[in-house]
Amino acid sequence: MTATLTRIVDLDPFPLPASMLFPGRDLAELAPYRDVLAPDHVDFEAEAILLGVQSWLVRSAGLTVLVDTCVGEHKARPARADWHQRSATQYLANLAAAGVAPEEVDVVLCTHLHADHVGWNTRLVDGRWVPTFPNARYLIGRTELAHWAAVNGSNPAGAYADSVLPVVEAGLVDAVEDGYEIASGLTLMPHPGHTPGQVGLRFAGPHGPTVICGDAIHSPLQVYRPEWSSGFCVDPGLAIASRVALLEDAADRGTCLLPAHLRRWTGMRIRAEGDAFVPDFL
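Scoring rules and cut-offs
Residues numbered from 1 in each chain as written. Predicted model: local features only at pLDDT ≥ 70, side-chain atom pairs only at ≥ 80, totals over all residues. Heavy atoms only, no water. 1 Å grid on protein atoms, 1.4 Å probe; cavity = no way out; pocket = protein on both sides within 12 Å on 5 of 7 lines; lining within 4 Å. Points joined across faces, edges and corners; volume = space filled by probe spheres on them. Helix = DSSP H or I, 4+ residues; strand = E, 2+ residues; numbered from the N terminus. Nonpolar A, V, L, I, M, F, W, Y, C, P; charged D, E, K, R; others polar. Salt bridge = Lys/Arg side-chain N within 4 Å of Asp/Glu carboxyl O. Buried < 20%, exposed > 50% of the residue type's maximum accessible area, 1.4 Å probe, protein only.

Caption draft 1: Examining the layout of surface pockets more closely. There is about 370 Å³ of room inside the largest pocket. Along the wall of the largest pocket there are 21 residues; nearest its centre are Arg 80, Trp 83, His 114, Ala 115 and Asp 116. When residues of the lining of the largest pocket are traced back to their parent elements, those giving at least two are β1 (4-17) and α5 (158-169). Counting residues per element, the lining of the largest pocket draws most heavily on α5, which supplies 3 residues. Among the residues making up the lining of the largest pocket, the classes are represented as 12 nonpolar, 5 polar and 4 charged.

Below, the structure is given as structure tokens:
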């Protein structure tokens with residue numbers, strides 16, 4: 001069964017200094033790929049990486065699945081001015097424009113639990129964080145959930161406190177294993193390294209076999225430079241191994257890859273050229 005796929009934008013563009021996202025790396029190495037990467041993915045003059053913060057809405061097998069829930073509103077994120085105490089955004093309106101009300105979402109898949117992937121899990125109602133998608137099962141990798149629960153311990157804070165713990169306490173979370181099948185043709189796959197238990201979603205999409213791969217790939221520049229792990233990766237070496245395996249598999253199978261932060265395009269196929277990889281945008 002072929003799924004439909006819709007981008008639900010929360011924040012675009014979201015620029016990050018290249019020195020922050022890829023510390024110690026030189027954008028001059030990407031000069032041969034400038035025509036592909038600029039202006040959508042790399043601002044070479046400003047030395048910034050341009051990301052989109054968005055959800056992917058997958059409808060298949062009678063289910064409405066929302067993959068990652070972006071930044072959210074009214075969240076205290078003082079380290080990032082463009083995330084901090086946001087209000088009157090268009091995210092829910094964008095979801096409605098795609099024909100989906102929050103009550104109609106069946107599954108929320110959190111690829112991992114960073115703040116820009118869980119924010120709309122909850123919204124503020126009468127001073128309390130309540131689930132935005134009250135009829136959904138929130139799926140989180142068991143390893144991922146255990147890691148962040150341990151990190152927060154008895155003093156939960158930040159995104160875990162306002163965007164994860166409330167849905168856990170509401171009894172809406174299923175901690176799932178790698179390979180978990182949401183429904184026929186919707187299967188979770190592991191992409192560890194960026195976080196300990198990051199997962200992706202494999203399914204048959206409009207461009208053929210498709211994998212939503214979270215932050216295993218932040219930017220298309222990592223197709224050319226898979227050895228560039230982000231400064232936010234908990235295990236950079238494992239992140240590289242996951243990314244290379246993902247690219248090799250995509251090149252072999254003709255898979256459409258859909259990174260969480262990919263701007264403009266609805267995916268990219270991967271070609272192997274010798275020992276290197278090349279993205280073909282769709």
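There is more to say after this.
Caption draft 2: Quick peek at the pattern of salt bridges. This structure, assessed with the given rule, holds 14 salt bridges. Note that Glu 227 is salt-bridged to Arg 225, the shortest N-O span being 3.9 Å. Across the pair Arg 253 and Asp 249 runs a salt bridge whose closest N-O atoms are separated by 2.6 Å. Pair noted here: Arg 253 and Asp 249 are both in helix α7 (residues 236-253), with a separation of 4 residues, about one helical turn. Judged by its relative accessible area of 53%, Arg 253 is exposed. When salt bridges that share partners are traced, they join Glu 29, Arg 225 and Glu 227 into one network.

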